[in-house]
Amino acid sequence: MVELAFQQQTQELIDGLKGICASYGLGNDGNEFKIITQTFLYKFLNDKFAYEAKRIDPTLAQAEKWEEQLAALSEDELEMLQMQMDGDTAELKPAHFIAHLFSQQNQPEFAKLFDDTLIDIAITNNDVFSVKTDGGAKLELFDRVSEFIADPSKRDNFCKAIINKLVEFSFERIFTQKYDFYATIFEYLIKDYNSNSGGKYAEYYTPHAVARIMASILVPKAQQGKVKNVSVYDPSAGSGTLLMNVAHAIGEKRCSIFTQDISQKSSNLLRLNLILNNLVHSIPNVIQGNTMLHPYHKEDNDLRQFDYIVSNPPFKMDFSDFRDELDDNSNDKRFFAGIPKVPAKKKEGMAIYQLFLQHIIHSLKPSGKAAVVVPTGFITAQSGIDPKIRKHLVDNKMLAGVVSMPSNIFATTGTNVSILFIDASNKGKVALIDASNLGQKVKEGKNQKTVLSHKEEQFIIEVFNGQDVEEDFSVAVSYEEIAAKNYSLSAGQYFEVKIEYVDITAEQFAEKMKGFSDNLTRLFDQSRKLEQEIEMKLAGVKYDRLA
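What counts as what
- Residues numbered from 1 in each chain as written.
- Predicted model: local features only at pLDDT ≥ 70, side-chain atom pairs only at ≥ 80, totals over all residues.
- Heavy atoms only, no water.
- UniProt positions renumbered as here; feature names shortened; annotations may be inferred.
- Helix = DSSP H or I, 4+ residues; strand = E, 2+ residues; numbered from the N terminus.
- Rg over C-alpha atoms; globule rule 2.2 N^0.38 Å.
- Buried < 20%, exposed > 50% of the residue type's maximum accessible area, 1.4 Å probe, protein only.
- Contact = heavy atoms within 4.5 Å.
- Lys, Arg positive; Asp, Glu negative; His and termini not counted.
- Charge placed at Lys NZ, Arg CZ, Asp CG, Glu CD.
- Salt bridge = Lys/Arg side-chain N within 4 Å of Asp/Glu carboxyl O.
- Expected span 1.5 Å × (residues − 1).
- Polar contact = N/O pair within 3.5 Å; in protein donor to acceptor, adjacent residues only side chain to side chain.
- Pairing = 2+ DSSP bridges.
- Axes fitted to C-alpha atoms, helices over the stretch in contact; angles between N-to-C directions.
- Parallel < 35°, antiparallel > 145°, perpendicular 65-115°, else oblique.
- Nonpolar A, V, L, I, M, F, W, Y, C, P; charged D, E, K, R; others polar.
- Phe/Tyr/Trp six-rings, centres within 6.5 Å; stacked < 30°, edge-to-face > 60°.
- Disulfide = S-S within 2.5 Å.

- For the chain, an unreviewed UniProt entry supplies the name site-specific DNA-methyltransferase (adenine-specific) and the organism Endozoicomonas euniceicola.
- Per its UniProt entry, the chain bears the Catalytic activity (unreviewed entry) comment "a 2'-deoxyadenosine in DNA + S-adenosyl-L-methionine = an N(6)-methyl-2'-deoxyadenosine in DNA + S-adenosyl-L-homocysteine + H(+)".

Structural data, given as structure tokens:
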């Protein structure tokens, strides 16, 4: 009940902040998402600091106004208190607290004080909370929020409305909640801003069912709580749905997240997601930039290799402007199967997923595992780059299997998708699943999508991890069998062809054969009549010979 009540209060806070933006003419404005996500984050960091301070010093928890008691501490006492806090807690000064800004809201130039406070928090925590670009620039935690209001005379009132909304309730009681709670809050927070419109790649939702299946196969239950000190990478991370699910399966404190994404908006949303999910220690590994052209994560001048990789890369995109830069000797090993050529027409249809997939294979440790969403056409294509990638995976024995998902599992695209599971240590059987007949069709706005039930999700996971053979659903095949089938990874091509036998008597057999013979005689008679009729028609046709 406490969780549901806080979900409701949190959603009301988010709706309230959006209402303030709308009343100042910023509804659906390009800057609205920055104001909403940054003020929400300021609230979250303030309350997390309060939670940690009261946990360490019980006298603060009992104080009527903890902010005033904390402000009375000496610099040394405050520093000692902060040193004992959880590493995910931002470093704040008494002048940063929401309560302090609330008390100053009627002072002249309040908007300037509001902005200065956010910027000072960003500078104070720059080393831990900044996202980097692939050129090395740091994207700080906060902007000067009031300056998104064009009319300076309205900025003070705008900031007063924001600070009065932020003091309405405290997050302090929710910091013991688990991953699912924060996933719900995060999705509600960004639901209006993380669409596939107007962006380049990596701004697509990955359905939670797909993310859960990928995480549960990469990190089966038997390994959860045992894996530790591992790296998890997504080269087209978006807002991080896949990463959060894998980190949750491993344990947030047991792994480090590494990402790169070309979208600045997605990188900012990912940072927020990491903060909500106790993964602040991974924020310095979040890179905003072009993974194909400028891969950032390296070790000793070579591309870094990772224990786990998850990705839902864009399938098609016009990358003709930098295609030739990739076609360089330094990329021969990374793009071992080739680089798509620039077509004369429809450049937007260039298969960029082929580059991401090769990059992922190249970035995987010899004992690593990966799960990648690919168009289902990839698993059977017989020409071009696709079969070369499959041949590489099969000949080097580094596959775990493939799950072909139901159509419309993504509401935003009609392309059928499969999940490719790579396991560089698997030298045994490969699991192939055709889950295309599972799920229930539902309407989502103008689109139709397929929704998997919890039971169906678990069925896919259990069959894959157990390499079970289920009639017309799954097979477990050897690498040699896959090679013999032209490296096809479609489960349907390995299903057993069934012949039904029926016992009948000699008399019944003779009767059936007579029926077939009579039917053929009737058809031949009809054919002869038609021939005669056509010949008569042709004989009666009159025409003038051309001179």
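1. A few points about the overall build of the chain
Stage number 1. Looking only at helices and strands, the chain features 19 helices and 15 strands.
Stage number 2. Its C-alpha atoms give the chain a radius of gyration of 31 Å, more than 25% over the compact-globule value 24 Å for 547 residues.
Stage number 3. Once the C-alpha set of the chain is aligned to its principal axes, its extents read approximately 110 × 65 × 55 Å.
Stage number 4. Per-residue burial for the chain yields a buried fraction of 49% across its 547 residues.
Stage number 5. Here the analysis covers contacts within the chain between residues at least 6 apart in sequence; of these, 76% occur between residues at least 24 apart.
Stage number 6. With 61 positive and 75 negative side-chain charges, the chain shows a separation of 5 Å between the mean positions of the two kinds.

2. Description of unusual backbone geometry
Stage number 1. Even without being glycine, N278 reaches a positive phi, approximately 55 degrees.
Stage number 2. Within the secondary structure, N278 sits in the loop between α13 (264-276) and β5 (286-288).
Stage number 3. Look at N301: it is not a glycine, yet its phi comes out positive at around 70 degrees.
Stage number 4. Examined against the element boundaries, N301 turns out to sit in the loop between β6 (298-299) and β7 (302-303).
Stage number 5. In this structure N301 comes out as exposed when scored by relative accessible area, which is 75%.

3. Details of the pattern of salt bridges
Side chains carrying opposite charge are able to pair once their charged atoms draw close together.
Stage number 1. Inspection of every chain in the model, using the stated rule, returns 21 salt bridges.
Stage number 2. Note that D47 and K43 form a salt bridge whose closest N and O atoms lie 3.1 Å from each other. Of this pair, D47 and K43 both sit in helix α2 (residues 32-56), 4 residues apart, which is roughly one turn of that helix.
Stage number 3. The buried category is assigned to D47, whose relative accessible area is 4%.
Stage number 4. Residue classification places K43 among the buried positions, given a relative accessible area of 3%.
Stage number 5. Among the charged side chains, a network of salt bridges with common partners joins K112, D116, R144 and E147.

4. A word on the environment of K54
Stage number 1. Within the fold, K54 resides in helix α2.
Stage number 2. Note: C-alpha distance between K54 and L70 (16 residues apart in sequence) is 9.9 Å.
Stage number 3. Excluding anything up to four places from it in sequence, K54 contacts L60, A61, W66 and E172.

5. Considerations on α13
Stage number 1. Taking 1.5 Å as the rise per residue, α13 with 13 residues should run 18 Å; its terminal C-alpha atoms sit 19 Å apart, in good agreement.
Stage number 2. Here α13 lies mainly inside the structure; 10 of its 13 residues are buried.
Stage number 3. If you check which residues of α13 are buried, you get S266, S267, L269, L270, R271, L272, N273, L274, I275 and L276.
Stage number 4. For α13, the capping residue at the N-terminal end is S263, with a side-chain oxygen 3.3 Å from the backbone nitrogen of K265.
Stage number 5. The positive-phi residue at the C-terminal boundary of α13 is N278, with phi of around 55 degrees.

6. As for the sheet that holds strand β15 (residues 474-477)
Stage number 1. Pairing within the open sheet is mixed, and its 11 strands lie in the order β2-β1-β5-β4-β3-β8-β9-β11-β10-β12-β15. The open sheet has two edge strands, β2 (138-139) and β15, and neither has a second partner.
Stage number 2. Examined bridge by bridge, strand β12 (residues 430-434) and β15 share 4 bridges and lie antiparallel to one another. Within the sheet, the bridge partner assigned to L432 lies in β15 and is V475.
Stage number 3. Its contacts with the sheet place helix α12 (residues 241-250) against β3 (230-234), β4 (255-261) and β8 (306-311), and it is angled at close to 165 degrees to β3.

7. Here's the deal with the packing of helix α7 (residues 110-124) against helix α9 (residues 155-166)
Stage number 1. Between α7 and α9, the shortest axis-to-axis distance is 7 Å and the interhelical angle comes to 55 degrees. In terms of orientation, α7 lies oblique with respect to α9. On α9, the residues touching F110, A111 and F114 of α7 are R155, D156, C159, K160, I162 and I163.
Stage number 2. Considering only residue class, the contact of α7 with α9 consists of 6 nonpolar, no polar and 3 charged.

8. As for α7
Stage number 1. With 15 residues, α7 should reach 21 Å at 1.5 Å per residue; the first-to-last C-alpha distance of 21 Å fits that figure.
Stage number 2. When α7 is considered as a whole, its buried residues turn out to be F110, A111, F114, D115, T117, L118, I119, I121 and A122.
Stage number 3. Buried residues belonging to α7 abut α2, α6 (98-103), α8 (126-129) and α9.

9. What to know about the pairing of β8
On a regular strand, one side chain projects to one face of the sheet and the next to the other, so that they alternate.
Stage number 1. Among the 6 residues of β8, 6 are classified as buried, and the element is accordingly described as predominantly covered.
Stage number 2. In this sheet, β8 lies alongside β3 in parallel orientation, the contact comprising 2 bridges. In the strand pairing of β8, V232 is matched with Y308.

10. Quick look at the packing of aromatic side chains
Any pair of aromatic rings gets described here by the distance separating the centres and the angle formed by the planes.
Stage number 1. Taken as a whole, this structure holds 14 aromatic pairs when the rule is applied.
Stage number 2. For the pair F421 and F464, a centre-to-centre distance of 4.9 Å together with 55 degrees between the ring planes defines the contact as tilted. A residue pair is termed long-range when its members are at least 10 positions apart, and F421 in strand β11 (residues 417-423) and F464 in helix α17 (residues 454-466) qualify at 43 residues. Per residue, the accessibility class of F421 equals that of F464, and both read buried.
Stage number 3. Put simply, the rings of F40, F44 and F171 touch in pairs and so form one group of aromatic residues.

11. Re the state of the cysteines
Stage number 1. Applying the stated criterion across every chain, the model contains 0 disulfides.
Stage number 2. With no disulfide of its own, C21 lies 11 Å from the sulfur of C159, the closest cysteine sulfur.

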